[in-house]
Amino acid sequence: ERALRDELPPFTRSGLERAFLALLDGAGLPLPRCNEYVWDGEKVVEVDFVWRDAGVVVETDGSRYHSTRWRRRKDAEKTAKLRNAGWTVHRVWDAELEGTPGAVVAQLTATLGLRTYE
């Protein structure tokens, strides 16, 4: 069952999530699990991307849905709870994926403890 699941394309909820995965794939980074549930220290919550073995979570934020004051506060609360539970959390905005994709790749490469070869 696991082998079949690993062959299926990852379940994504948005074009932003697909763009993030394409960026990782193009950079040769290991692909995370998508739209998975993790423990935030209080309850199980869904995150956009997780590398469980590395303890890394990435949340992708589109400005259309994540720019309101209320949403920013909720996102900050979620991030704080996840970090307190031991996760390394990165929030990646749509503007970063479009404008500075190399910086996103560099940050994740460092966070995941990967070596780069030139």
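Scroll up for the structure.
Residues numbered from 1 in each chain as written. Predicted model: local features only at pLDDT ≥ 70, side-chain atom pairs only at ≥ 80, totals over all residues. Heavy atoms only, no water.

Caption draft 1: The arrangement of a nonpolar patch on the surface in detail. Among the surface-exposed residues, Y37, W39 and V44 lie close enough to one another that they form a single nonpolar patch of about 360 Å² accessible area. In this fold, Y37 is placed in strand β1 (residues 33-39). (Patch = residues over 30% accessible without salt bridge, like charges linked within 9 Å, V, L, I, M, F, W, Y side chains within 5 Å. Areas by Shrake-Rupley, 256 points an atom, 1.4 Å probe, with all protein chains shown as cover. Salt bridge = Lys/Arg side-chain N within 4 Å of Asp/Glu carboxyl O. Helix = DSSP H or I, 4+ residues; strand = E, 2+ residues; numbered from the N terminus.)

Caption draft 2: Inspection of the nonpolar core at higher detail. Within the largest apolar cluster, 17 residues are counted, with the highest numbers of intra-cluster contacts made by F20, L24, W51, V58, L97, V104 and L108. Contributions of two or more residues to this core are made by α2 (15-27), β2 (44-51), β3 (56-61) and α6 (101-111). Examining the composition of this core, we find that five residues originate from one element, α2, more than from any other. When near neighbours in sequence (up to four residues on either side) are disregarded, L108 contacts F20, L24, L29, W51, V58 and H90. In this structure, V45, V47, V57 and V89 belong to the second largest nonpolar core, which totals eight residues. (Core = buried A, V, L, I, M, F, W, Y, C linked by side-chain atoms within 4.5 Å. Buried < 20%, exposed > 50% of the residue type's maximum accessible area, 1.4 Å probe, protein only. Contact = heavy atoms within 4.5 Å.)

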